[in-house]
Amino acid sequence: MTQAPPGALTRKLVPLRAALGLFTVIPVPAVPEISGAEAARAVLWLPVAGALIAVPAAGLLLAVEAGGHAAPRVLLAAALAIGVVAVLTGGLHLDGLADTADGLGSRRPRDEALAIMRRSDVGPFGVVALLLVVVVQITALATVAPGWPGAAALAVAVVTGRVAVVLATGPGSPAARPDGFGALVAGATTLLARIVAAVALLASVAAAAALAWGPAAALRGVAAVLAGLLAAGLLRRIAIRQLGGLTGDVFGALIEVSTAMVLVTLALTG
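Source: prediction; values computed, not measured.

Caption draft 1: Inspection of the layout of surface pockets at higher detail. Of the volumes computed, that of the largest pocket is approximately 610 Å³. What lines the largest pocket is a set of 28 residues, and nearest its centre among them are Ala 152, Val 156, Ser 204, Val 205 and Ala 208. At the level of secondary structure, the elements contributing two or more residues to the lining of the largest pocket comprise helix H4 (46-65), helix H9 (148-167), helix H11 (191-213) and helix H12 (215-243). Looking at the lining of the largest pocket, the element that brings in the most residues is H11, giving 10 residues.

Okay, structure coming up:
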């Protein structure tokens, strides 16, 4: 048997390290400045990074709910779990959501809207969007059945938000600016990679839910994933129409909106 050369495994994990370094605060060895091709490979690992983030958040959710399922305690558990996700991402995606809301809500010409999104302050549209999405995520998660169903719902929502980003990196999603993360990954992923990401997510959710809770739960899970991806797709289209393309902030907004829609769908169909 041919033995892999030393460091081969480490090199294969560079895209995952890059994904963790770009999108989370999880301490990983620094990755040198990456090219567009390397950024595209890192994006494909984004759902895995999401799964790693979801584990401690779901664990905390279960730990708090272990003390009882009274409504205030369940709401507290949901708030803490969503807070863990925000902390582990450094608030990056929430910041992107606020900036995107300010830019799109301004209804200014493209260049002016992009300039608004670059500002360090948060405007009224950003504040409203931030509060609304976070409150919806917390209350929707608290509405899902406590225990393992809630933990699974959180994991599915977090991973779906990251798959939504993968789907938004095809040729139909240009960069709004010539620089930044959007320019690195615009049109960078192949059709096959995007199909595999979506199918893998749908298949894993359906299979896990069917084994754990039956066919009805599998249908709910698939419907929630599709709802999350469709919501992100709608936001992507709006951003392309008004901004001329996508930015790193828009990718963050896609994640947060998709996550919220998955949780809302599971809460309403439970």
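Back to the write-up after that little detour.
Caption draft 2: Structural context of unusual backbone geometry. Of note in the backbone geometry, Arg 107 takes a positive phi value of approximately 55° without being a glycine. For Arg 107, the location among the structural elements is in the loop between helix H6 (92-106) and helix H7 (110-118).

Caption draft 3: Quick look at the nonpolar core. Counting residues in hydrophobic clusters, the biggest one holds 67 residues, and the most contacted among them are Leu 141, Leu 154, Leu 243, Val 250, Phe 251, Leu 254 and Leu 263. Dropping the residues within four chain positions of it, Leu 254 is found in contact with Ala 168, Ala 232, Leu 235 and Arg 236.

Caption draft 4: Region of the structure containing the side chain of Ser 173. Within the fold, Ser 173 resides in the loop between H9 and helix H10 (180-185). At 3.1 Å, the side chain of Ser 173 forms a polar contact with the side chain of Arg 236. The residues contacting Ser 173, other than those within four sequence positions of it, are Ala 168, Ala 186, Gly 187, Arg 236, Ile 240 and Leu 246.

Caption draft 5: Expanded view of the side chain of Thr 247. Of note, Thr 247 is situated in the loop between H12 and helix H13 (248-269). At 3.2 Å, the side chain of Thr 247 forms a polar contact with the backbone nitrogen of Asp 249.

Scoring rules and cut-offs
Residues numbered from 1 in each chain as written. Predicted model: local features only at pLDDT ≥ 70, side-chain atom pairs only at ≥ 80, totals over all residues. Heavy atoms only, no water. 1 Å grid on protein atoms, 1.4 Å probe; cavity = no way out; pocket = protein on both sides within 12 Å on 5 of 7 lines; lining within 4 Å. Points joined across faces, edges and corners; volume = space filled by probe spheres on them. Helix = DSSP H or I, 4+ residues; strand = E, 2+ residues; numbered from the N terminus. Core = buried A, V, L, I, M, F, W, Y, C linked by side-chain atoms within 4.5 Å. Buried < 20%, exposed > 50% of the residue type's maximum accessible area, 1.4 Å probe, protein only. Contact = heavy atoms within 4.5 Å. Polar contact = N/O pair within 3.5 Å; in protein donor to acceptor, adjacent residues only side chain to side chain.

That is the geometry; function is a separate question.
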